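Letter by letter, the chains look like this.
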Amino acid sequence: MVRKVKADPKGVLEGPHFMDGDHALAEGALAAGCRFFAGYPITPSTETAERFAERCPEVGGLFIQMEDEIASVTALIGGAWGGQKVMTVTSGPGMSLMLENIGLACMTETPMVIANVQRGGPSTGLPTLTAQQDMMQARWGSHGDYRVIALAPDSPQECFDLAIEAFNLAETYRVPVLIMTDETVGHMHEKVVIPPASEIEVVERNWYTGPKDQYKPFKFGAENYMPGPMVKIGDGYRFHITGLVHDERGYPQASVEAGKINITHLIEKIDSNRDKIVRFEADQLDGAEVVVVSYGITSRIAIKAVMDARKEGIKTGNFRMITCWPFPEKQIREIASKVKAIVVPEINYGQMVLEVERMAAGKCKVISVNSTGGAVHDPNEILAAIKEGRS
Amino acid sequence: MMEVRFSGFGGQGIVRCALITGKAISLYDDKYATMTQSFGPEARGGACSSQLVVSENRVLYPYVTVPGVLVALSQEAYNKYEPELGNGGILIVEQDLVKQKPDTGRVQIFPIPATRIAEELGNRLFANLVVIGFFAAVTKCVTPDAVKKALPELVPGRFLKANMQAFDKGYAYGNDLMATKAGADKMAEVCEAVE
């Protein structure tokens, strides 16, 4: 049951601001009702933590600087089951540490929001420079079969907007939601308009209200695999959650059959709701010879290239993924069946392009405009690929 | 579209220059502005720079490629960034701190003793506001009203008035210089016609 309410005005810093993406993430989280943040500072994401910490006394939130990123996500699991909307923020190396407990959060169906302000990797890589190199890690990084949701904002305004969206998705599907932004968006300042609380819709936690002795922390096999309600630790409910395969009561069940029910649920609650989750922006796809598919900061550079291509008479469409995971499979498949080529620029050596290739399945050319990270593309590189795709 | 680079050394309020100007433009002048800054170990102590891309439409590419305006408040910044300023671009220099190359006419040079003016107002820390005032008068990129609306959250409250004054001084200095320049240009035209 998804219940939407108006945002608590206490967390909403209404008005126009000139703000960077990192700060906008924190403001979006506060507007969404997040009141618990546990994290460990890392460039280029630290400003989000600083902002959240600074605003905590005003809104009545709690900020904890943890000993590391492993503990940060553990604290989020506790915070969420303690009744709060919870968030952390990190970058590459910290993300690697968080993965173990992101798996635990998926298994225990604990709602949380994790922002990854991407920088160049691998390892400590390029701490101060931009990248989109963790896109596959976001999807596959923790072990086992599971699903998460990942969003990619292209501006400080969208950092604010998508932070709210991320919390709403996390509560609706009881799943970790990743905001895959990057150093460029994180550190650029632009106008951010924060609407009044009365115009912000937030999804309330689905609280259990039945008899205390009948609560089950999990619900498998509901319509569209929607997850069941939660309770708050300390409210007198006896329940158990675990990383082991479990039944609806949360008790470990080491059997093939239990695994089938449990894991199917984790996957299908996202996959069977894909159409409701996936968000994108499409422009002039009809009749396009070439379509550029991109996300995050790269999508802004891509628009420039697309405009240049159109000036040269090439019918070029533009498709911006706002949701990267679950992947917009249906949309890309449809594009691939109609165009000569899809061009995929990303600030990595070719990651989401693999998904595009999977959907295109040989129906059109797929051209990767990749990079080793550290800088946004030169629009001319993308333009050259558009021309190559048309020929 | 206009690309602007503010540069100097750490401590001169270079980042603040772009923050104040960017906020003024995007919140109160009804245009789009995207601000980025040098971010890395090189920003500490040495040459420091902040960038603004200003446009009537949404800014797509967020970084400065060929600046049309360069503000250089230190020798190192001038040496580093002057060569990338576009032909015919506007160069604003702190004349007491920057020893310039001979003027070849490649760019339009607007000198100002910003630090000295700020010191006359009581504190050299106001130099960046003097520069923003001068910048506003010379480039017309931002209106004085917008800057004054943008200031309150970006400078400490107790220095708000002094910063406003610094802005006014720089703006007046810029207007005077523009008037003199216009007069000189007109005179040159007249002389040419007579010849």
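Colleague: Whenever I open this one, the overall build of chain A confuses me. Can you help?
Modeller: Scanning chain A for helices and strands turns up 13 helices and 17 strands. Over its C-alpha atoms chain A spans a radius of gyration of 21 Å, differing by no more than 12% from the 21 Å that the globule rule assigns to 391 residues. Projecting the C-alpha coordinates of chain A onto the three principal axes gives extents of approximately 70 × 50 × 40 Å. Considering chain A as a whole, with its 391 residues, one finds that 61% of them fall into the buried category. Expressed as a percentage of contacts within chain A between residues at least 6 apart in sequence, the contacts between residues at least 24 apart total 79%. In the form shown here, chain A has an accessible surface area of approximately 14700 Å², with 52% of it arising from carbon and sulfur atoms. Seen as two clouds, the 40 positive and the 50 negative side-chain charges of chain A have centres 6 Å apart.

Colleague: Before we go on, may I ask you to explain the pairing of strand β1 (residues 2–9) of chain B in this structure?
Modeller: A regular strand carries its side chains on alternate faces of the sheet. Residues and elements named next belong to chain B. Burial runs high along β1: 6 of the 8 residues are buried. When β1 meets strand β3 (residues 47–55), the two strands line up antiparallel, connected through 8 bridges. By the bridge assignment for β3, S7 is matched with S49. Relative to strand β4 (residues 69–72), β1 runs parallel, the two sharing 4 bridges. Looking across to β4, one finds that V4 is bridged to V69.

Colleague: Explanation requested: the domain arrangement of chain A in the structure shown.
Modeller: In many reports, interface size means the accessible area that the parts give up when they come together. Residue and element names in this part refer to chain A. Domain boundaries in chain A define domain 1 (3–204) and domain 2 (282–390). Measuring from the centre of the C-alpha atoms in domain 1 to the corresponding centre in domain 2 gives 27 Å. At the interface, 26 residues of domain 1 touch 25 residues of domain 2. With both sides pooled, the region where domain 1 packs onto domain 2 buries about 2000 Å², and carbon together with sulfur makes up 56% of that total.

Colleague: I tried to follow empty space enclosed by the protein on my own but got confused; where do I start?
Modeller: Empty space among the atoms becomes visible once a probe the size of a water molecule is rolled across them. Residues and elements named next belong to chain A. Per the stated rule, a full pass over the model turns up 1 cavity of 30 Å³ or more. Reported here for the largest cavity is a volume of approximately 100 Å³. In this structure, the largest cavity is lined by 14 residues; those nearest its centre are M1, E171, T172, N206 and P227. Listed by contribution, the elements that provide at least two residues to the lining of the largest cavity are α6 (156–173) and β11 (201–204). Here the residues of the lining of the largest cavity are counted per class, giving 7 nonpolar, 3 polar and 4 charged.

Colleague: Help me understand the interface of chain A and chain B, please; the structure alone is not making it clear to me.
Modeller: Contact residues are listed per partner, giving 25 residues for chain A and 19 residues for chain B. Summed over both sides, the interface of chain A with chain B buries roughly 1700 Å², with 66% coming from carbon and sulfur. By the criterion of area lost to chain B, the three top residues of chain A are A:F18, A:H189 and A:R300, representing 34% of everything that side buries. Counting the contacts that link chain A with chain B gives 1 salt bridge. Of all the elements in the fold, those that place two or more residues in the side of chain A that touches chain B are β2 (15–20), α7 (183–187), β10 (189–194) and α10 (297–311) of chain A. In terms of residues, the side of chain A that touches chain B owes the most to one element, α10(A), which gives 6 residues. For the side of chain A that touches chain B, the class distribution of residues is 10 nonpolar, 8 polar and 7 charged.

Colleague: Whenever I open this one, the pattern of salt bridges confuses me. Can you help?
Modeller: Close approach of charged atoms lets side chains of opposite charge pair. Enumeration according to the criterion identifies 37 salt bridges over all chains in this entry. A:R274 is paired through a salt bridge with A:E329; the nearest N and O atoms lie 3.7 Å apart. Of the two residues, A:R274 is situated in helix α9 (residues 274–277) and A:E329 in helix α11 (residues 329–336); the sequence distance between them amounts to 55 residues. A:R274 sits in the buried class, given a relative accessible area of 16%. Where B:R116 meets B:D96, a salt bridge forms, and the shortest distance between an N and an O atom there is 2.9 Å. Note that B:R116 is positioned in helix α3 (residues 114–120) and B:D96 in the loop between β5 (90–94) and β6 (108–112), a separation of 20 residues in sequence. Salt bridges linked by common partners bring A:R147, A:D271, A:R274, A:E329, A:R333, A:E355 and A:R358 together as one network.

Colleague: Is there a simple way to think about the packing of aromatic side chains in this case?
Modeller: The geometry of an aromatic ring pair is captured by the separation of the ring centres together with the interplanar angle, meaning the angle of the planes. Residue and element names in this part refer to chain A. This model, assessed by the stated rule, comprises 15 aromatic pairs over all chains. Look at Y208 and Y215: their rings are 4.8 Å apart centre to centre, the planes differ by 55°, and that puts the pair in the tilted class. When sorted by exposure, Y208 lands in the same class as Y215, which is buried. With a centroid separation of 5.9 Å and an interplanar angle of 90°, the aromatic rings of Y215 and F239 are classed as edge-to-face.

Colleague: Would you mind going over the pairing of strand β9 (residues 176–182) of chain A with me for this structure?
Modeller: Residue and element names in this part refer to chain A. The buried fraction of β9 amounts to 7 of the 7 residues, a majority that puts the element mostly inside the structure. Burial along β9 is two-sided: P176, L178, M180 and D182 and V177, I179 and T181, pointing in opposite directions, are all buried. Relative to β9, strand β8 (residues 149–151) runs parallel, the two sharing 3 bridges. Looking at the pairing, A150 lines up with L178 of β9. Viewed along the sheet, the connection from β8 through α6 into β9 turns out right-handed.

The rules we used
Residues numbered from 1 in each chain as written. Chains lettered and ligands numbered in written order. Predicted model: local features only at pLDDT ≥ 70, side-chain atom pairs only at ≥ 80, totals over all residues. Heavy atoms only, no water. Helix = DSSP H or I, 4+ residues; strand = E, 2+ residues; numbered from the N terminus. Rg over C-alpha atoms; globule rule 2.2 N^0.38 Å. Buried < 20%, exposed > 50% of the residue type's maximum accessible area, 1.4 Å probe, protein only. Contact = heavy atoms within 4.5 Å. Areas by Shrake-Rupley, 256 points an atom, 1.4 Å probe, with all protein chains shown as cover. Lys, Arg positive; Asp, Glu negative; His and termini not counted. Charge placed at Lys NZ, Arg CZ, Asp CG, Glu CD. Pairing = 2+ DSSP bridges. Domains from an automatic or database assignment. Buried area = accessible area lost by both parts, 1.4 Å probe. 1 Å grid on protein atoms, 1.4 Å probe; cavity = no way out; pocket = protein on both sides within 12 Å on 5 of 7 lines; lining within 4 Å. Points joined across faces, edges and corners; volume = space filled by probe spheres on them. Nonpolar A, V, L, I, M, F, W, Y, C, P; charged D, E, K, R; others polar. Salt bridge = Lys/Arg side-chain N within 4 Å of Asp/Glu carboxyl O. Phe/Tyr/Trp six-rings, centres within 6.5 Å; stacked < 30°, edge-to-face > 60°. Right-handed = clockwise from strand over helix to strand, strands pointing away.

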